[in-house]
2 protein chains.
Amino acid sequence: MNTISFRIKNKDKSARTGIITTKNGIVKTPAFIPVATLGDIKTLPSWDMKNLGIQIFIANTYHLHIRPGEKLIKNLGGLHRFTGWNGPIATDSGGFQVYSLSTKRKIQEDGIIFSSHVDGAPLRFTPEKVIDIEIALGSDILMPLDECVGYPAGIGYAKEAMDRTNRWAKRAFEYFKTLAYPGLLFAIVQGSTYTDLRKEAANVLTELDFDGYALGGLVVGEDPSQTREVLSSTVPLLPQEKPRYTMGLGKVEDILWAVGKGVDLFDCVIPTRNARTAGVYTWKGKINLKNSKYKDDPNPVSEKCTCPTCRHYSRAYLRHLFNTDELLAKYLATLHNITFYMELMKETRKNIEEGTFFKWREEILSKFKGGFDD
Amino acid sequence: MNTISFRIKNKDKSARTGIITTKNGIVKTPAFIPVATLGDIKTLPSWDMKNLGIQIFIANTYHLHIRPGEKLIKNLGGLHRFTGWNGPIATDSGGFQVYSLSTKRKIQEDGIIFSSHVDGAPLRFTPEKVIDIEIALGSDILMPLDECVGYPAGIGYAKEAMDRTNRWAKRAFEYFKTLAYPGLLFAIVQGSTYTDLRKEAANVLTELDFDGYALGGLVVGEDPSQTREVLSSTVPLLPQEKPRYTMGLGKVEDILWAVGKGVDLFDCVIPTRNARTAGVYTWKGKINLKNSKYKDDPNPVSEKCTCPTCRHYSRAYLRHLFNTDELLAKYLATLHNITFYMELMKETRKNIEEGTFFKWREEILSKFKGGFDD
């Protein structure tokens with residue numbers, strides 16, 4: 001039944017490429033996974049997605065459970081049909097909402113009781129129920145319920161949450177096994193910024209044969225050096241032959257750094273969120289299109305870019321649209337930023353396979369110091 | 001130099017079809033002109049426009065003068081190149097802002113002094129300057145500066161504004177003639193709801209050889225029966241051989257009624273504005289996608305529709321996107337509504353040419369009584 005696999009192709013020192021096979025197609029890694037919390041990558045219709053090079057997106061179990069509900073989606077043929085996307089879909093578990101909606105939930109041994117952010121209704125999320133929701137959606141890569149801890153967290157609570165996450169992961173794993181569902185179930189390693197806790201979590205979770213391993217609870221307020229310390233010490237403890245996924249990590253410099261440590265998958269709202277506030281990516285660095293220096297710039301956002309926005313419009317026109325709050329601006333910038341991220345990952349894979357990744361990375365990183373030019 | 005013409009093809013009683021030839025292509029009439037105040041039809045990229053059947057849009061001189069300015073647009077190759085649209089473009093004169101920004105302007109014999117709605121800067125609009133701006137933009141159909149009077153207006157002020165509009169029209173006409181610019185200059189007939197004033201304006205303006213005649217100052221708060229009374233009495237006074245344009249008239253029932261009176265051109269924000277609040281058109285009538293009865297509706301917005309939205313998505317998915325305030329919803333509904341309006345006009349032209357317009361119109365109108373079903 002399970003036709004799913006991960007095949008490592010090439011390695012350039014610790015960076016590697018691979019192929020994840022799911023029931024709805026393959027994902028070439030390292031891959032960036034755009035965020036589609038409610039089923040859509042914000043502003044993008046499904047018909048753009050393949051053309052932009054998107055391989056997979058990640059939807060959110062908590063949000064889709066509330067609106068429109070997994071039963072409705074299942075009755076309409078599943079999330080793929082509902083959203084018009086027939087490639088792989090990953091689903092986050094609701095564990096991130098422990099952090100992002102921290103005033104609206106209670107943690108119990110059995111699971112999480114949320115108070116719906118929409119109408120306050122009580123919502124009970126258990127490891128088993130989350131799997132049921134993800135299967136009703138038709139997910140290809142399922143994340144189990146976890147407890148995402150914010151920063152800073154005392155070591156006592158961090159350990160408690162990590163232990164609970166591990167127990168939930170085990171319940172999810174055992175339950176999932178009984179269902180013979182053709183999806184990949186990943187584990188999520190927690191432990192906050194404590195490398196010993198991360199190590200303990202990795203050891204416990206790798207005793208079970210999950211299809212992949214994610215690091216959760218990163219980029220929640222800690223210093224970038226702490227993120228990197230956790231990654232450096234934890235990634236080597238994860239199985240070589242399984243995909244590794246750092247959840248929420250998405251800055252260009254962070255992705256390229258983590259690829260060098262052997263990470264395969266990334267998701268983040270950064271490229272789409274920045275797009276909606278005029279922050280766009282070029283191979284010469286990041287720029288903000290609201291900056292007055294682009295007001296009469298006849299050039300496309302990025303010279304080498306083949307996205308529809310760069311093929312049709314000048315920076316001056318995009319600046320005009322942002323400057324006058326036209327919604328179209330957000331869509332056009334999103335088309336561009338997603339294209340940039342997809343190209344970045346394609347170049348990453350190519351350079352790994354050609355053995356030039358680390359040299360190429362230096363060139364790119366020199367352009368991506370600091371923020372946008374606004 | 002002037003290669004522009006209007007050719008009347010067919011007539012079904014007073015309804016007629018025609019072709020307007022401009023330097024940037026033809027417009028088959030009766031035609032609906034989507035509104036692109038700032039250069040974009042809200043949410044639509046230029047690459048969608050031809051596919052949806054759009055023939056022409058109307059941009060706004062006042063708004064583009066303020067942001068980004070006609071000089072900037074001209075330096076970047078004109079409004080066509082700036083917006084990525086190589087078909088005909090009409091430009092409104094700023095006269096509508098006399099009504100819509102009534103607290104921010106002073107009327108003088110020479111022209112209008114606006115206080116910019118963006119930064120309060122004083123802006124002087126004269127008939128000649130408006131022509132200059134429209135030519136700098138590269139407009140194909142130019143509207144002259146007029147004084148759009150709101151409802152209700154006393155007959156004294158209505159006459160004053162109508163007379164001034166006529167004097168401005170004459171100045172615009174004389175100035176335009178000296179420039180040998182290959183665009184069409186229309187006149188705008190004012191006169192509020194007073195049919196005698198409308199008659200007087202029509203008589204004065206038809207003494208000059210404008211390329212087309214518009215009725216302005218309609219749908220500004222008056223009763224629909226008054227709009228129709230003005231139309232019924234004024235349209236017959238306009239030259240048969242010139243295009244006739246009712247500015248701001250855009251409800252399905254109003255368009256079809258006016259086509260029956262011999263009107264050729266229409267513009268309105270209705271289809272795009274409704275789209276952004278979930279109001280969409282079907283051949284069975286108008287529906288609001290936020291209505292809970294569509295929550296699990298697997299059908300497209302409109303069964304017969306070939307727009308990208310109907311080809312890819314269910315009403316249930318669109319309702320979900322509107323219900324969760326996803327921006328994508330606005331774009332998808334706009335794609336549909338513009339397609340509907342373009343199909344409506346295509347069917348109108350076809351039925352006129354086949355001599356079945358009035359019979360066909362009855363069928364359509366029976367579906368378009370009342371508002372959206374929300």
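Here goes a summary of the coordinates provided. Each chain has its residues counted from 1, running along the sequence as written. Ligands are numbered from 1 and chains lettered from A, in the order in which they are written. Under the rules for a predicted model, residues below a pLDDT of 70 receive no local features and side-chain atom pairs below 80 are neither given nor counted, while totals for whole chains, interfaces and linings still include all residues. Hydrogens and water are ignored here; the side-chain numbers use all heavy atoms of the structure.

### Some thoughts on the packing of helix 6 (residues 127-137) of chain A against helix 7 (residues 155-179) of chain A
All names here are of chain A. Interaxial angles span 0 to 180 degrees and are taken between N-to-C directions of axes, which are lines fitted to C-alpha atoms, for helices over the stretch in contact. Where helices and strands are cited, they refer to DSSP runs of H or I of at least four residues and of E of at least two residues respectively, numbered from the N terminus. Orientation of helix 6 relative to helix 7, taken along the N-to-C sense of each, is 45 degrees, at an axis distance of 8 Å. By the angle between their directions, the pair helix 6 and helix 7 is classed as oblique. Here the hand of the crossing between helix 6 and helix 7 comes out right-handed. Every residue of helix 7 that contacts helix 6 at Pro127, Glu128, Ile131, Asp132 and Ile135 is listed here: Trp168, Arg171, Ala172, Tyr175, Phe176 and Leu179. Partitioned by chemical class, the residues of the contact of helix 6 with helix 7 number eight nonpolar, no polar and three charged. Angle categories are assigned with fixed cut-offs, so that under 35 degrees is roughly parallel, over 145 is roughly antiparallel, 65 to 115 is roughly perpendicular, and the rest are oblique. Handedness of a helix crossing follows the sense of rotation of the near helix relative to the far helix, less than a right angle counterclockwise being left-handed and clockwise being right-handed. What makes two residues a contact is simply this: any of their non-hydrogen atoms within 4.5 Å. Polar here means any residue outside two lists: the nonpolar Ala, Val, Leu, Ile, Met, Phe, Trp, Tyr, Cys and Pro, and the charged Asp, Glu, Lys and Arg; Gly therefore counts as polar.

### Section: the packing of aromatic side chains
Residue and element names in this part refer to chain B. Working definition: rings of Phe, Tyr and Trp (its six-membered ring) pair if their centres are within 6.5 Å, and the pair is stacked with planes under 30 degrees apart, edge-to-face with planes over 60 apart, and tilted otherwise. Applying the stated criterion across every chain yields a total of 43 aromatic pairs over all chains. Ring centres 5.9 Å apart and planes at 40 degrees place the aromatic pair Phe340 and Phe368 in the tilted group. Within this pair, whereas Phe340 is found in helix 14 (residues 328-353), its partner Phe368 is found in the segment after helix 15 (357-367), the two being separated by 28 residues in sequence. Like Phe368, Phe340 is buried. Measuring from centroid to centroid gives 6.1 Å for Phe357 and Trp360, while their planes differ by 45 degrees, and the two rings are tilted. Partly exposed describes any residue whose relative accessible area lies between the buried limit of under 20% and the exposed limit of over 50%, with all areas from a 1.4 Å probe on protein chains only and scaled to the type maximum.

### A short note on helix 14 (residues 328-353) of chain A
Since one α-helical turn is 3.6 residues long, residues separated by three or four positions face the same way. All names here are of chain A. Under the convention used throughout, the expected extent of a helix is 1.5 Å for every residue step, that is, one less than its residue count. Between the first and last C-alpha of helix 14 there are 38 Å, a value that for 26 residues agrees with the 38 Å anticipated at 1.5 Å per step. Here helix 14 lies mainly inside the structure; 20 of its 26 residues are buried. Once helix 14 finishes, Gly355 follows within two positions and takes phi at roughly 75 degrees, a positive value.

### A few points about the environment of Leu72(B)
Looking at the secondary structure, you find Leu72(B) in helix 3 (residues 70-75). Separated by 221 residues in the primary sequence, Leu72(B) and Lys293(B) have C-alpha atoms spaced 49 Å apart. Excluding residues within four positions of it along the chain, Leu72(B) makes contact with Lys295(A), Asp296(A) and Phe82(B).

### What to know about the packing of helix 7 (residues 155-177) of chain B against helix 8 (residues 195-205) of chain B
All names here are of chain B. Packing of helix 7 against helix 8 leaves a shortest axis separation of 10 Å and a crossing angle of 10 degrees. Here helix 7 lies roughly parallel to helix 8, going by the angle between them. Where helix 7 abuts helix 8, its residues Ile155, Ala158, Lys159, Met162, Asp163, Asn166 and Ala169 lie against Leu197, Glu200, Ala201, Val204 and Leu205.

### Overview of the relation of the copies chain A and chain B
Superposition of the copies was done by least squares, using only C-alpha atoms of residues whose pLDDT is at least 70 in both. Overlaying chain A with chain B gives an RMSD of 0.0 Å, the required rotation being 180 degrees about an axis along which the chain moves by 0.0 Å. Between the two chains, the operation in question is that of a two-fold axis. In terms of proximity to the rotation axis, the leading residue of chain A is Leu327(A), whose C-alpha is 4.0 Å off the axis. The residues that chain A uses at the interface reappear at the interface of chain B in 100% of cases, marking a shared surface.

Any functional reading would require information that these geometric values do not contain.
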